[in-house]
Amino acid sequence: MCPAVWPCLGHGGLSNPVIGNINLPKWGVNMDMPTPDARVLARKARIVACLQQVLPQDAVIHEVAETRAYECDALTAYRCAPMAVVLPACTQEVSEVLKICHREGVPVVPRGSGTSLAGGALPTEDCVILGVARMNAVLETDYDNRVIRVQSGRTNLSVTGAVEPEDFFYAPDPSSQLACAIAGNIAMNSGGAHCLKYGVTTNNLLGVTMVLMDGTVIEIGGAHLDAGGLDLLGLICGSEGQLGVVTEATLRILRKPEGARPVLMGFDDPEVAGACVSDIIRAGVLPVAIEFMDRLCIRTSDNFANAGYPDCEALLIVEVEGSEAEIDAQLAQIVDIARRHDPVELRESRSPEESARIWLGRKSAFGAIGQINDYMCLDGTIPVSELPMVLRRIGELGREFGLQVGNVFHAGDGNMHPLILFDANLPGDLEKCEALGAEILKLCVDAGGCLTGEHGVGIEKRDLMWHQYTPADLEAQMAVKDVFDPSWLLNPAKVFPLDASESRRGSKRAAELVGDARA
Amino acid sequence: MDIAQTESEMAACVAGASGPVAIRGGGTRGLVLPGEVLTTSGLVGVQLYEPGALTLVASAGTPVAEIETLLAAENQQLAFEPMDHRALLGTSGAPTIGGVVAANVSGPRRIQAGACRDFMLGVRYVDGTGAVIKNGGRVMKNVTGYDLVRLMGGSWGTLGVLTQVSLKVLPRPQAQATLCVPDCDMAQAVKTMSVALGSPFEITGAAYVTDRAEVLLRIEGFSGSVAYRTGRLIDLLDRLGAVELRAEGAASGAIWKAIRDVEAFAGQPGDVWRVSIKPSDAPLIAPRLKADALLLDWGGGMIWARVPAGTDLRARIGQMSGHATLVRADPETRARLGMFHPQPAPLATISAGLRARFDPRGIFNTGLMDRHQPLGV
Ligand SMILES: Cc1cc2nc3c(=O)[nH]c(=O)nc-3n(C[C@H](O)[C@H](O)[C@H](O)COP(=O)(O)OP(=O)(O)OC[C@H]3O[C@@H](n4cnc5c(N)ncnc54)[C@H](O)[C@@H]3O)c2cc1C
């Protein structure tokens, strides 16, 4: 069930470094999960029995052999089987489950499709995994108002699938879109290749039905364009399953453009490619995508996919949309700009076949690298203007650590995906890779950027939060969780450094409950 | 109170406040709130503008006009098209970028480009204890921790005093045109706008001017593109009735500025409300308003209504999915009806909880968003 959905990608690629426990040292910082609450574990039988009273038999999984299927997400190096798994079918069932877990002081980890690269859906031994995979219905399609309402377990691609017959689409398109659920997209505020033009999840989400930890069902927003009151919708988007369980979502759908075509450009210098990106944007053209690949990625993916890429230091793929004539005009302008930067190659697509060939290498980049190596995929964002400096520094850091780093990313918005190559069978190499990863992410922050552009913090970047935020900044964020989930039972060990959240988490509430029960 | 010239002076002002404070940017919204006025007028200046990265960082008190001029020199703009409230509300002063963000002010282009909140990249603010907090940053994609950026946008100063905002900006379109579909009743108008908005031609404005019974549609982009899309739209909409090219270039710009600022209601008597709904509900809800004048924007999803002073428009609407905001009224009506639509109990509880955390003494803009809850001072 868990990482198998996307075998070609993710942490470690094809040959994942499967390590049996979750106490690996990572980046020299603490990746431990909190000690499971013994009092919860001791009451497993009673808790499972309560859950079985409100759910059908097959919707409560508690045999150890079966809960293993939920032991990790796509951050597969870290695993832990949960106490139980529930698979409710509707908002009401979610509410019943949460009421029980709230009453019993059981931590709950919401789960969509388990494709998080940050460990967002990683269980703890004492938790109940609340999976929304069975909740995948389309509730309403409304072309007049350009919205669709779905249950949150529906996969991203099948939302577009539901409106494609009418030539509409749902814009955010993470590369995991075949597998990942709208629930996970909302929790992570996921992006995609086309977000330069269409924005990320938060820009395309109009409403949610959500269940709070105590079972209260709330509705925020709807088919109207601005929800009233404080922007709670914006707050929930990207909250990594810590504020509530989203069960339904109202999403904006858009009419498909008439067409789209890319141009491929090769340069002898990554800095020149960076300058070209900046010039294109300054000229007032707004492409839907600007993708960047460096030499390592160009070579590897070309060998793998035979895309016919030029032999050069940096490659850009720039795609524009519109009618044939509109595309021609925009591409002409872009090519004109590119020429001023002495490209070694300029290849404008003239047909769907040529477009597919241009995209082929880019789309197989991760898979290609996974074929030759284990790799770790980072996700920092930087100001586009810092691209040359950051690329240079990443190269230097790679040499210092003795590891190769490939770069393939969304250049238009500065969301980098450095791929660190390592050998999982070489003792110490994973640790070295993680240490380099931490240095690269700190570099992104120091360059004016951030730790994560679209994958989320989860457990992976939890302790690096101190590098980006002050204690007061983190306190303000944790105060939000205090309001939505005062007992800190929803996905409690994620996002915030464990030492920062310690006084709020933990068994305090469970202790109270045991006290109540004894009284 | 002295005028804070820096963020740390602002923090000191807040920490030292002994009672309610009324946070003021340009003062163009005409709000009268209890307590001492805390102005952001000393926090001015653009700290960073990178046209090639589409990013701008400015102090909260910076006049919007200054930012728009700076952007225009690089052929860029604030794509969410913030409204200028002065004519409608009969106020003076200069709108500030902090005020725009705090009120999430978005104009006609909201239907295509997004709202102000969609262009926010980062904030710095002073919370109710006087602590300086930052969230987000200056990059386009950022999911590091909770998104307090959007929470602060549209929070009307009730959670903190914004000191700095970073925004995404966009290229200013080279050309624009406005199409007009005349002689529509409201149901036809909303249907026409829906057909246009459901086309691949990227409508950036869709309004219905009720007194003239005409639908206006805006197309923007490179000139070749505008010509092409205009032609295709005329073909598409012709099936629904006559369509004409109403204006191009600056004349088209003037039409949309008038819609953005609801100029038709300026200087006219009565209260002004803004009702946010699902576009197709407009023909059902509009008659219930019994308004003296109406203007529909956002393809029908935003109804501007002018009604006799003191009218409780929410009572007239009754059950609705959406919300009605009182934009212009005398202080007595504002106090009686409240500016914002009451929220369902669980949401009101969450909002009150957030306020209690961000502003534990309950001193910021009291009574503005929290009139249905007890004050916490
Ligand atoms: C091959 C591959 C490519 C990827 N490409 C991209 C990409 O291009 N862009 C991108 O942004 N991401 C990408 N990702 C990351 C991942 O796919 C996204 O984060 C995705 O949104 C996760 O969705 P999911 O349904 O799998 O969520 P899960 O992994 O199940 O959960 C993710 C988080 O959401 C929470 N959650 C799940 N359901 C709910 C709910 N109902 N209510 C509240 N919280 C909930 C979980 O607790 C967890 O914190 C990629 C991942 C892989 C493996």
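Rules used throughout
Residues numbered from 1 in each chain as written. Chains lettered and ligands numbered in written order. Predicted model: local features only at pLDDT ≥ 70, side-chain atom pairs only at ≥ 80, totals over all residues. Heavy atoms only, no water. Helix = DSSP H or I, 4+ residues; strand = E, 2+ residues; numbered from the N terminus. Buried < 20%, exposed > 50% of the residue type's maximum accessible area, 1.4 Å probe, protein only. Axes fitted to C-alpha atoms, helices over the stretch in contact; angles between N-to-C directions. Parallel < 35°, antiparallel > 145°, perpendicular 65-115°, else oblique. Left-handed = near helix turned anticlockwise from the far one by under 90°. Contact = heavy atoms within 4.5 Å. Nonpolar A, V, L, I, M, F, W, Y, C, P; charged D, E, K, R; others polar. Buried area = accessible area lost by both parts, 1.4 Å probe. Salt bridge = Lys/Arg side-chain N within 4 Å of Asp/Glu carboxyl O. Polar contact = N/O pair within 3.5 Å; in protein donor to acceptor, adjacent residues only side chain to side chain. Pairing = 2+ DSSP bridges. Domains from an automatic or database assignment. 1 Å grid on protein atoms, 1.4 Å probe; cavity = no way out; pocket = protein on both sides within 12 Å on 5 of 7 lines; lining within 4 Å. Points joined across faces, edges and corners; volume = space filled by probe spheres on them. Arc of directions from axis to C-beta. Lys, Arg positive; Asp, Glu negative; His and termini not counted.

## Quick look at unusual backbone geometry
Okay, so step 1: Its identity as a non-glycine residue notwithstanding, Trp488(A) has a phi of 50°, on the positive side.
Okay, so step 2: Structurally, Trp488(A) can be placed in the loop between helix 17 (471-484) and helix 18 (498-501).
Okay, so step 3: According to the relative accessible area criterion, Trp488(A) is buried, its value standing at 1%.
Okay, so step 4: Of note, Glu202(B) is a non-glycine position whose phi angle comes to about 50°, a positive value.
Okay, so step 5: Mapped onto the elements, Glu202(B) comes out in the loop between helix 6 (186-197) and strand 11 (203-209).

## So, the packing of helix 2 (residues 44-54) of chain A against helix 4 (residues 91-104) of chain A
Residues and elements named next belong to chain A.
Okay, so step 1: Contact geometry of helix 2 with helix 4 gives a least axis separation of 9 Å together with a crossing angle of 160°. Between helix 2 and helix 4, the crossing angle belongs to the class labelled roughly antiparallel. As helix 2 packs across helix 4, the resulting crossing turns out to be right-handed. Residues Arg 46, Ile 47, Cys 50, Leu 51 and Val 54 of helix 2 touch helix 4, and the partners they reach there are Glu 93, Glu 96, Val 97, Ile 100, Cys 101, Arg 103 and Glu 104.
Okay, so step 2: Its residues assigned to classes, the contact of helix 2 with helix 4 comprises seven nonpolar, no polar and five charged.

## What to know about the interface of chain A and chain B
Okay, so step 1: In this complex, chain A contributes 90 residues to the contact, which on the side of chain B involves 71 residues.
Okay, so step 2: Taken together, both faces of the contact between chain A and chain B bury some 6,300 Å²; the carbon and sulfur share is 57%.
Okay, so step 3: Applying the counting criterion to the chain A and chain B interface returns 10 salt bridges.
Okay, so step 4: Close ionic contact of Lys197(A) with Glu202(B) constitutes a salt bridge, the shortest N to O distance being 2.6 Å.
Okay, so step 5: Taken together, the connections running from chain A to chain B amount to 30 residue pairs in polar contact (both at pLDDT 80 or more).
Okay, so step 6: Elements with a contribution of two residues or more to the side of chain A that touches chain B: strand 5 (138-142), helix 7 (195-198), strand 9 (217-221), helix 8 (232-236), helix 9 (270-282), helix 11 (324-339), helix 16 (465-468) and helix 17 of chain A.

## Focus on the pairing of strand 8 (residues 161-168) of chain B
All names here are of chain B.
Okay, so step 1: The element strand 8 is extensively covered by neighbouring structure, given that seven of its eight residues are classed as buried.
Okay, so step 2: Sheet topology places strand 4 (residues 55-59) next to strand 8; five bridges connect them, and they run antiparallel. Across the sheet, the residue bridging to Leu 56 is Leu 167, located in strand 8.
Okay, so step 3: The pairing of strand 6 (residues 120-126) with strand 8 spans six bridges and is classified as antiparallel. When the sheet's bridge partners are listed, Gly 122 is paired in strand 8 with Ser 166.

## Details of the domain arrangement of chain B
Residues and elements named next belong to chain B.
Okay, so step 1: What the domain assignment reports for chain B is domain 1 (2-171 + 349-358), domain 2 (175-260) and domain 3 (263-337).
Okay, so step 2: One C-alpha centre belongs to domain 1, the other to domain 3; they are set 26 Å apart.
Okay, so step 3: Across the interface of domain 1 and domain 3, roughly 870 Å² is buried in total on both sides, 69% from carbon and sulfur atoms.
Okay, so step 4: Area buried by domain 1 at its contact with domain 3 is led by Leu 88, Leu 89 and Ile 111, which between them contribute 44% of it.
Okay, so step 5: In this assembly, domain 1 and domain 3 are joined by zero salt bridges.
Okay, so step 6: Counting across the domain 1 and domain 3 interface gives two residue pairs in polar contact (both at pLDDT 80 or more).
Okay, so step 7: Here the residues of the side of domain 1 that touches domain 3 sort into seven nonpolar, four polar and two charged.

## Concerning empty space enclosed by the protein
Okay, so step 1: One pass over the full model with this rule turns up four cavities of 30 Å³ or more.
Okay, so step 2: Taken as a whole, the largest cavity holds about 600 Å³ of empty space.
Okay, so step 3: Around the largest cavity sit 43 residues that line it, and Asp226(A), Ala227(A), Ala103(B), Asn104(B) and Arg274(B) are the ones nearest its centre.
Okay, so step 4: Tallying contributions element by element places strand 17 (residues 322-328) of chain B first for the lining of the largest cavity, with three residues.
Okay, so step 5: A volume near 40 Å³ is recorded for the second largest cavity.
Okay, so step 6: Looking at the lining of the second largest cavity residue by residue, the classes come out as six nonpolar, two polar and two charged.

## Some details on helix 9 (residues 282-289) of chain B
Residues and elements named next belong to chain B.
Okay, so step 1: Among all positions of helix 9, only Ala 282, Ile 285, Ala 286 and Leu 289 are buried. Down the axis of helix 9, the sector holding all buried residues measures 105°, keeping them to one side. Counted as exposed and oriented over 90 degrees from the buried face of helix 9: Leu 284 and Pro 287.
Okay, so step 2: Buried positions along helix 9 lie against helix 6, strand 14 (271-277), strand 15 (293-297), strand 16 (302-307) and helix 10 (313-317).
Okay, so step 3: Following helix 9 by one or two positions, Lys 290 adopts a phi angle in the positive range, close to 45°.

## Focus on the side chain of Arg328(B)
All names here are of chain B.
Okay, so step 1: Positionally, Arg 328 belongs in strand 17.
Okay, so step 2: We note that Arg 328 is buried and unpaired, the nearest opposite charge coming from Asp 271 at a distance of 6.0 Å.
Okay, so step 3: Within the structure, the side chain of Arg 328 is placed 2.7 Å from the backbone oxygen of Gln 268, a separation counted as a polar contact.
Okay, so step 4: Looking at Arg 328, its side chain comes within polar contact range of the main-chain oxygen of Gly 270, at 3.0 Å.
Okay, so step 5: Contacts of Arg 328, omitting those with residues within four sequence positions, involve Leu 88, Leu 89, Phe 265, Ala 266, Gly 267, Gln 268, Pro 269, Gly 270, Asp 271, Val 272, Arg 306 and Arg 334.

## Notes on the sheet that holds strand 15 of chain B
Residues and elements named next belong to chain B.
Okay, so step 1: If you trace the eight strands from one edge of the open sheet to the other, you get 13-10-12-11-15-16-14-17, paired in antiparallel fashion. Across the chains shown, the open sheet's two edge strands, defined by having one partner strand only, are strand 13 (244-248) and strand 17. On average, each strand axis in the sheet is tilted by 20° relative to the strand beside it, whichever way the strands run.
Okay, so step 2: As judged from the two bridges shared by strand 11 and strand 15, these two strands associate in the antiparallel manner. Bridged to Val 209 within strand 15 is Leu 295.
Okay, so step 3: Sitting on the sheet, helix 6 is in contact with strand 10 (175-181), strand 11, strand 12 (214-221) and strand 15, with an inclination near 175° to strand 11.

## Quick word on the sheet that holds strand 6 (residues 147-151) of chain A
Residues and elements named next belong to chain A.
Okay, so step 1: Read across the open sheet, the five strands follow the order 5-6-10-8-9; overall the sheet is antiparallel. Each of the sheet's edge strands pairs with one partner strand only, and the pair in question is strand 5 and strand 9. On average, each strand axis in the sheet is inclined to that of its neighbour by 10°, with strand direction left out of account.
Okay, so step 2: Inspection of the sheet shows strand 5 paired to strand 6 by four bridges, in the antiparallel sense. Bridging from a neighbouring strand, Glu 140 pairs with Arg 149 of strand 6.

## Here's the deal with the domain arrangement of chain A
All names here are of chain A.
Okay, so step 1: Structurally, chain A comprises domain 1 (138-255) and domain 2 (260-366).
Okay, so step 2: Here domain 1 and domain 2 have C-alpha centroids that lie 30 Å from each other.
Okay, so step 3: It is His 194, Leu 196 and Lys 197 in domain 1 that bury the most area against domain 2; as a group they hold 75% of the surface buried on that side.
Okay, so step 4: Applying the counting criterion to the domain 1 and domain 2 interface returns one salt bridge.
Okay, so step 5: Ionic pairing is found between Glu 321 and Lys 197, a salt bridge with its closest N-O pair at 3.1 Å.
Okay, so step 6: Along the contact surface separating domain 1 from domain 2 lie two residue pairs in polar contact (both at pLDDT 80 or more).

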